[in-house]
Amino acid sequence: MENTQEAVAGLLAKAKQDLIADMKSREIGAIIWNLATAGFPNIPAILHHSKKDPEKTRVADIMGLYRYDDVLYLIEEDRAPIKFDDFWNQDTEAAPTVVTLTEDIARKDLGDPEAVKGYTTQGTLEEWMAIADCYFQALNQD
């Protein structure tokens with residue numbers, strides 16, 4: 001059983017590193033999608049465990065990925081201190097489904113993900129694989 005858990009942890013770490021590498025190659029610091037219009041077959045979500053009480057859980061819908069200091073964070077919808085509408089001009093632009101931010105802009109607009117609620121590295125391998133699928137679908141919509 002322990003070898004299986006180690007293998008899964010290794011696959012999860014590799015999956016995250018592959019996503020980080022892909023984001024770097026595309027010069028993406030963060031990608032944010034509008035869950036209402038993205039049309040994903042599955043809503044990207046994780047079962048989030050409280051740091052104070054691991055028995056306490058909640059479902060967190062994921063609205064994007066944030067690459068910060070070579071760590072990949074999930075952006076939780078309605079919890080991270082950002083709103084999708086903050087990233088486009090409603091007066092002069094059509095509403096996008098996906099917004100990508102360069103690393104510099106992401107740092108400026110999103111800040112340190114360890115300093116505020118709404119960013120997490122939690123999630124199972126299966127949850128991260130579903131989110132990775134949404135990432136690649138979002139890139140095709142960008």
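All of these numbers come straight from a predicted model, not from anything done at the bench.

Thresholds applied
Residue indices follow the written sequence of each chain, beginning from 1 at its first position. Whole-chain, interface and lining totals are the exception, using all residues; otherwise, since this is a predicted model, local features are given only for residues with pLDDT of at least 70 and side-chain atom pairs are given and counted only at 80 or more. Side-chain numbers here rest on the full set of heavy atoms in the structure, without hydrogens or water. By the criteria applied, helices consist of DSSP H or I runs no shorter than four residues and strands consist of E runs no shorter than two, each listed in order from the N terminus. Per-residue accessibility, obtained with a 1.4 Å probe over protein chains only, is compared with the maximum for each type, and a residue is labelled buried under 20%, exposed over 50%, and partly exposed between these values. Residues enter a nonpolar core if they are buried and are Ala, Val, Leu, Ile, Met, Phe, Trp, Tyr or Cys, with the set joined through side-chain atoms within 4.5 Å. Every residue pair with non-hydrogen atoms within 4.5 Å of one another is taken to be in contact.

1. A few points about unusual backbone geometry
One non-glycine residue, Asp-70, adopts positive backbone phi at about 60 degrees. Residue position: Asp-70 is located in the loop between β3 (57–68) and β4 (71–76). Its identity is not glycine, yet Asp-78 carries a phi of approximately 65 degrees, on the positive side. Considering the arrangement of structural elements, one finds Asp-78 in the loop between β4 and β5 (98–101). A relative accessible area of 67% means that Asp-78 is categorised as exposed.

2. Examining the nonpolar core
Ranked by internal contacts, the top residues of the largest apolar core, which has 25 residues, are Ile-31, Trp-33, Leu-65 and Tyr-135. Where this core is concerned, the elements lending two or more residues are α1 (2–25), β1 (30–33), β3, β4 and α3 (125–141). Here Tyr-135 is in contact with Leu-19, Asp-22, Met-23, Arg-26, Ile-28, Ile-31, Trp-33 and Leu-65, once residues within four sequence places are set aside. By size, the runner-up hydrophobic cluster in this structure holds 17 residues, among which are Tyr-66, Tyr-68, Tyr-73 and Ile-82.

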